[in-house]
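# Coordinate inspection notes
As a plain string of letters, each chain reads:
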Amino acid sequence: MSLSFKFRKEADRNLKTSKLFRRKAYLTPNTHTHQGATMAPAAGGEIQQQQRQQQQPQPQQQQQQQGFGQSITGIIRVAVFWYFISRFFFGAKKPSDPSVLISNLFHKGEPLDMWLYLTEQEKFNDFGNEKALFWHETNIPYAVWGPDSIRKLSLTYHPTESLKHNGSLYAHVYFARSGYTPDPNDPEYQPLAAFGKSTPVVAFLPKSKADKKKSLLGNSKDNNEAEKLPEVAEDSLVEPKDDEPVQWVSYWKPNVTINLVDDFTRYNPSAVPPNIAPFLIIEPKTGNYYPTISFNEFWLLKDKLIQINDTVTELPLHLEVAPISMTKWQIFQQIDQSFQIHRSYGSMLEGEADELKRVFLEGNPYLLVITMTVSMLHSVFDFLAFKNDIQFWRKNKSMEGLSAKSVVVSFISQLIIFLYLLDNDTSWMILASSGVGCCIEFWKIGKAMHIEVRFLTIWLAINVPC
């Protein structure tokens, strides 16, 4: 009886402890207990955790959907806002009506006749003057590239006395359909069949200043007396002062190139490109435009111009008429405009544009590519040298193995080179590189030497380092 009673007590204790462990397992499923007592509660805790993990992504998905919807709503709002702003400020752009567009009065390949007159009057109407007619060509196909579309003529012009004394001369070029006349006074004249344009053949430029050159190597004893006279002649040409008036000299243009632009674009009268509008000649009745005549002076360098004075008796003149594509014509215009903008800002000197054109005219294209590549590499290596020099001196805290005197001498040398380049009107790219190097050398003096600036205050009369 006693043994059975003991066994019952132990069984009751075990049952109570198992119930207690089960309750703790349900409350804290991650608690580690005996294997037999905690197997079922642990499994129940894992199931609850899985259910919670499955329930957690639902609010995240809802948040993502809400964020995506808000972004779409924001985009729609911005689009609507921009639509109303564009309608209010700019108005609705209506499609261009083909009946409103203007077009070229002539057709591609249409044969044209040409007349070129040279007179001293800016406006020309004396078509019956045969002495003024210097060139006449027939059956020139319009905007067609071929041997018949390019015509050339070289002649000699004898200047008049008025032209020798700063007079003017103009070239008047007229085109007309084959069989028609450009003379408005002719009874058979048709306004829609003829067009023309004028250009000056004489350019007026300010008189160049005399260059004073001296030999840095010195003169030999044998040539001393022979070179004294030219030096005196050069010194007699004193440069004009700032208050003196500028003297203008007339120069002869030896080349006149006439280009007919290949342009058959249909333009909106209120939306013609600004770089084309000044060259369009509109016919008032139909509203259409005549073929564009361009006098191409892009490759006419200033050193090719001939100065006109009393001693000149003959002047060469090379004439050429040829078609030109719209793209090439616009490229020439953009380059000329960019040169003018650079000159107005002072970033390009007066003769640099001609020197650049000379490189393309007279230089070897392969040598040009190599020169441009070397120049770019030189700029890159120059920048890397500046960067490494600055990094070294910023981290340097000791002058061991370095000489402060050499830094000062280097700065003085760089300053002399910079001033020399500045005095000789060197290119801005070279001046910028030399100037940056000079500034870096000056900054290195402060790193190589301990320089302190002290100010003496008046009230306290003590030295205060700043």
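Residues numbered from 1 in each chain as written. Predicted model: local features only at pLDDT ≥ 70, side-chain atom pairs only at ≥ 80, totals over all residues. Heavy atoms only, no water.

Let's shift gears to the overall build of the protein chain. Broken down by element type, the protein chain carries 10 helices and 13 strands. Residues classed as buried in the protein chain amount to 27% of the 466 residues present. Relative to all contacts within the protein chain whose residues are 6 or more apart in sequence, the contacts with residues 24 or more apart total 75%. When the accessible area of the protein chain is evaluated, it comes to approximately 33900 Å², of which 59% is carbon and sulfur surface. (Helix = DSSP H or I, 4+ residues; strand = E, 2+ residues; numbered from the N terminus. Buried < 20%, exposed > 50% of the residue type's maximum accessible area, 1.4 Å probe, protein only. Contact = heavy atoms within 4.5 Å. Areas by Shrake-Rupley, 256 points an atom, 1.4 Å probe, with all protein chains shown as cover.)

Here we have three strands laid out as an open sheet, ordered β6-β7-β10, and antiparallel in their pairing. The two strands at the open ends of the sheet, each matched to only one other strand, are β6 (202-206) and β10 (306-307). (Pairing = 2+ DSSP bridges.)

An order of β3-β11-β8-β9 is seen for the four strands of this open sheet, with the pairing classed as mixed. Pairing within the sheet leaves two strands with one partner each, and these edge strands are β3 (151-157) and β9 (293-295). Sheet twist, expressed as the mean angle between neighbouring strand axes with direction ignored, is 20°. Relative to strand β11 (residues 315-325), strand β8 (residues 255-262) runs parallel, the two being bridged by eight bridges. Looking at the pairing, Asn259 lines up with Ala322 of β11. The strands touched by helix α6 (residues 326-345) within the sheet are β8, β9 and β11, with β11 carrying the most contacts at an inclination of about 125°. (Axes fitted to C-alpha atoms, helices over the stretch in contact; angles between N-to-C directions.)

Following the criterion strictly, the structure yields 11 salt bridges and no others. Among the ionic pairs, Lys253 bridges to Glu297, the shortest N-O distance being 2.9 Å. Separated by 44 residues along the polypeptide, Lys253 in the loop between β7 (248-252) and β8 and Glu297 in the loop between β9 and β10 bring together distant segments of the chain. Residue class for Glu297 comes out partly exposed when judged on its relative accessible area of 35%. (Salt bridge = Lys/Arg side-chain N within 4 Å of Asp/Glu carboxyl O.)

Before going further, it helps to examine the environment of Cys438. Inspection of the secondary structure assignment puts Cys438 in helix α10 (residues 428-448). Along the primary structure Cys438 and Ser410 are separated by 28 residues, whereas in three dimensions their C-alpha atoms are 8.8 Å apart. Beyond its immediate stretch of four places on either side in the chain, Cys438 contacts Phe411, Gln414 and Leu415.

Counting 33 residues, the largest nonpolar core has Met114, Phe175, Phe195, Trp252, Ile258 and Leu317 as the members making the most contacts within it. Contributing elements (two or more residues each) for this core: β1 (111-119), β2 (133-141), β3, β4 (170-177), β8, β9 and β11. For Phe175, the residues in contact, after removing those within four places along its chain, are Leu112, Asp113, Met114, Ala193, Ala194, Phe195, Ile258, Leu260, Ile293 and Val321. (Core = buried A, V, L, I, M, F, W, Y, C linked by side-chain atoms within 4.5 Å.)

Take α6 next. Look at α6: 29 Å from first C-alpha to last across 20 residues, which is about the 28 Å you get at 1.5 Å a residue. Along α6, the residues classified as buried are Met326, Trp329, Phe332, Gln333 and Phe339. The arc that holds every buried residue of α6, seen down its axis, measures 160°, which confines them to one face. Facing away from the buried side of α6 by more than 90 degrees, the exposed set consists of Thr327 and Tyr345. Buried-residue contacts for α6 involve β8, β9, β11 and α7 (352-362). At the exit of α6 stands Gly346, carrying a positive phi of roughly 85°. (Expected span 1.5 Å × (residues − 1). Arc of directions from axis to C-beta.)

Here Glu283 lies in the loop between β8 and β9. As a buried residue without a salt bridge, Glu283 has its nearest oppositely charged side chain in Lys285, at a separation of 5.9 Å. Once residues lying within four places of it in the same chain are set aside, the contact partners of Glu283 are Leu105, Leu192, Asn288 and Tyr290. (Lys, Arg positive; Asp, Glu negative; His and termini not counted.)

With that out of the way, let us pick up the packing of helix α8 (residues 365-395) against α10. Where α8 contacts α10, the two axes come as close as 11 Å, and the packing angle between them is 10°. When the interaxial angle is binned, α8 and α10 end up roughly parallel. The segment α8 lies against α10, with Ser379, Asp382, Phe386, Asp389, Ile390, Trp393 and Arg394 engaging Met429, Ser433, Val436, Gly437, Ile440, Glu441, Trp443, Lys444, Lys447 and Ala448. Residues of the contact of α8 with α10, tallied by class, amount to eight nonpolar, three polar and six charged. (Parallel < 35°, antiparallel > 145°, perpendicular 65-115°, else oblique. Nonpolar A, V, L, I, M, F, W, Y, C, P; charged D, E, K, R; others polar.)

Taking 1.5 Å as the rise per residue, α10 with 21 residues should run 30 Å; its terminal C-alpha atoms sit 30 Å apart, in good agreement. Buried residues of α10: Leu431, Ser434, Gly435, Gly437, Cys438, Ile440, Glu441, Lys444, Ile445 and Ala448, and no others. Structurally, α10 contributes buried residues whose contacts are with α8 and α9 (404-423).

Another aspect to go through is a nonpolar patch on the surface. On the surface, Trp299, Leu356, Val359, Phe360 and Leu361 cluster together into a nonpolar patch covering about 460 Å² of accessible area. Mapped onto the elements, Leu361 comes out in helix α7. (Patch = residues over 30% accessible without salt bridge, like charges linked within 9 Å, V, L, I, M, F, W, Y side chains within 5 Å.)

Note: β3 against β11, seven bridges, orientation antiparallel. Across the sheet, the residue bridging to Arg151 is Val321, located in β11.

Time to look at the packing of aromatic side chains. For the coordinates displayed, the defined rule picks out 19 aromatic pairs. Aromatic pair Phe106 and Phe195: ring centres 5.3 Å apart, planes at 75°, arrangement edge-to-face. Taken together, the residues Phe106 in the loop between α3 (57-89) and β1 and Phe195 in strand β5 (residues 194-200) connect sequence positions 89 residues apart. The buried category is assigned to Phe106, whose relative accessible area is 1%. Plain terms: the ring middles of Phe134 and Tyr157 are 5.8 Å apart, the flat faces sit at 55° to each other, and that makes the pair tilted. Here Phe134, found in strand β2, pairs with Tyr157, found in strand β3; they are 23 residues apart in sequence, far enough to count as distant. (Phe/Tyr/Trp six-rings, centres within 6.5 Å; stacked < 30°, edge-to-face > 60°.)

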